[in-house]
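Fold and geometry: a report
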Amino acid sequence: MPDENSNTETGITSWQKLLAGVLLVAFTFIVIYNVIAYWPDKMPPLEKGDNVAWYTNKPFHIDLIENPCDTDIAMIHTKDSLHKILDSVEKEIAHLKNNLNIDSTKVDSLALGDSLKKYNDSAIQLKALVLKLKSSSDKIEEDDRIHLNTILLILVALMGFLGNMVHIASSFTAFVGNGTFKRRWILWYFVKPFTAAALAIIVYFIIRAGFLSYGTGAAGISLYGILSLSALTGLFTDSATLKLGEIFDVIFKPKDERQDKLLEPDISVISISPLSIPQAGESLITLKGKNFEARGIKITVDGKDVKATITKDTIEIKYTPTPAAIAAAKAVLVLTDKFDEPKFTKEIIITP
């Protein structure tokens, strides 16, 4: 949810509120409409794998294609393949007729030899079978089919978008209702649902991958489970992003256990002077030690960062006591490393 404490111009007119409300309702309706349109009628048999996970690509009629071709011949789904078979059969018949010097216009009236009759009968049967296959394929063209994996990607993106629409609608109406809406966040409201859809797809791929192990096929996916998770990812995008960061750290965070690795030298403080400073004016505090040039070193006095001149074995700090330090009659100096671990702590006495 956006931070509404910035000093950007505020306010939104009644017409802008109406337009925003219409857009929120319209986008939500469009997403719900498409989720219903691409909802498959049923999942394919798990034992047959993804090879038979094809559906008719017609909105509101995403039906599983169970028997696309009821013949003993392997399924043929494209017209190009069928036309090639028809052309081949016709060429073979024409070639045979030419070899026997038979006039094609008199074939039906001629007494053909037994071999020619058998071939001609077989050719006719083959052409009839091809025409039957062609008729079957006309009903289910390649462009009219869609695979379950594609359907899942579409639904996952839509559910991520829908979940985030709930989030931004709640955020928008809450801030407008409280009179604290700031127009600088308008772009956030438009972009956020699309990033949520992309995030839902990323989470889906991670789950399908089984965290770097071979996952199950699309037929083995729980449709309600994966879409519920996608909607929650869109609804809680920040939490999902943080969780993905944790997963990445667990998988890819290096662990260096080498015996002879190069270690960064430890920071050590030998002395500090002076041990007391006056209340008025700026004082110079000097630390002597080793390895002060290490990266990430930080110095604070009473919890506030102070600027210092740092060399390999010397740190010089210019410090003016604050009213709180004067009241406490002391200031606490802390030196930390790049991991924010305290390496040196000392109380500096403040004298009148």
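Reading the values: rules and limits
- One numbering rule holds for all chains: residues counted from 1, following each sequence as written.
- Local features in this predicted model are restricted to residues of pLDDT 70 or higher, and side-chain atom pairs are both shown and tallied only at a pLDDT of 80 or more, whereas totals for entire chains, interfaces and linings draw on every residue.
- Excluded from the side-chain calculations are hydrogens and water; all other atoms, namely the structure's heavy atoms, are used.
- Where helices and strands are cited, they refer to DSSP runs of H or I of at least four residues and of E of at least two residues respectively, numbered from the N terminus.
- Only the protein chains shown count as cover for residues, with accessible areas throughout obtained via the Shrake-Rupley method and a probe of 1.4 Å.
- When a carboxyl oxygen of Asp or Glu lies within 4 Å of a side-chain nitrogen of Lys or Arg, that pair is called a salt bridge.
- Here, a strand pair is defined by DSSP locating no fewer than two bridges between the strands.
- Note on geometry: axes are lines fitted to C-alpha atoms, helical ones only across the stretch in contact, with angles between N-to-C directions running from 0 to 180 degrees.
- Each residue carries a pLDDT value, the predictor's own confidence for that position, ranging from 0 to 100.
- Contacts are assigned to residue pairs with any non-hydrogen atoms lying within 4.5 Å of each other.
- Expected span of a helix: the number of residues minus one, times 1.5 Å.
- Classification of residues uses two cut-offs on accessible area relative to the type maximum, computed with a 1.4 Å probe and protein chains only: under 20% is buried, over 50% is exposed, and between them is partly exposed.
- This arc is built from the directions going out from the helix axis to the C-beta atoms.

So, about the overall build of the protein. A tally of helices and strands in the protein yields 8 helices and 11 strands. Working note: accessible area of the protein is about 22600 Å², and carbon and sulfur atoms make up 58% of it.

Attention shifts here to the pattern of salt bridges. Across all of its chains, the model carries 2 salt bridges by this definition. Between Glu347 and Lys330 there is a salt bridge, with its nearest N and O atoms 3.3 Å apart. With Glu347 in strand β11 (residues 342–351) and Lys330 in strand β10 (residues 330–336), this pair connects stretches of sequence that are 17 residues apart.

On to the sheet that holds strand β7 (residues 304–305). Across the sheet, 5 strands lie side by side as β4-β11-β10-β6-β7; this open sheet has mixed pairing. Of all the strands in the sheet, just β4 (276–278) and β7 have a single pairing partner and so form its edges. Two strands pair when backbone bridges link them, and strand β6 (residues 298–301) and β7 are joined in this way by 2 bridges, in the antiparallel orientation. The residue bridging Thr300 from the neighbouring strand is Asp305, located in β7.

Before going further, it helps to examine the sheet that holds strand β9 (residues 314–319). Pairing within the open sheet is antiparallel, and its 4 strands lie in the order β3-β5-β9-β8. With one partner strand each, in any of the chains shown, β3 (268–273) and β8 (308–310) form the two edges of the open sheet. Strand-to-strand twist across the sheet, computed as the mean angle between neighbouring axes with direction ignored, equals 20°.

Across the protein, pLDDT averages 77, with 70% of residues at or above 70. Across residues 69–78 the pLDDT falls below 50, and counting only partners more than four positions away or on other chains, this stretch makes 18 contacts in the model.

Attention now moves to helix α6 (residues 223–235). The end-to-end C-alpha distance of α6 is 18 Å, a good match for the 18 Å that 13 residues give at a rise of 1.5 Å each. By the burial criterion, the buried members of α6 are Leu223, Ile226, Leu227, Ser230, Ala231, Thr233 and Gly234. The arc enclosing the buried residues of α6, seen along the axis, measures out at 155°, which places them on a common side.

Bringing the pairing of strand β5 (residues 283–290) into the picture now. Across a regular strand the side chains alternate sides, sitting on one face of the sheet and then on the other. Examined bridge by bridge, β3 and β5 share 5 bridges and lie antiparallel to one another. Counted as the bridge partner of Val269 is Gly289 from β5. Relative to β9, β5 is paired through 6 bridges, and the arrangement is antiparallel. Within the sheet, the bridge partner assigned to Leu287 lies in β9 and is Ile315.

The next subject is unusual backbone geometry. Between Ser273 and the following residue, Pro274, the backbone shows a cis peptide bond with an omega angle of -10°. With respect to the helices and strands, Pro274 occurs in the loop between β3 and β4. With a phi close to 60°, Asn291 is a non-glycine residue in the positive phi region. Among the structural elements, Asn291 can be located in the loop between β5 and β6. Even without being a glycine, Asp302 presents a positive backbone phi close to 55°.

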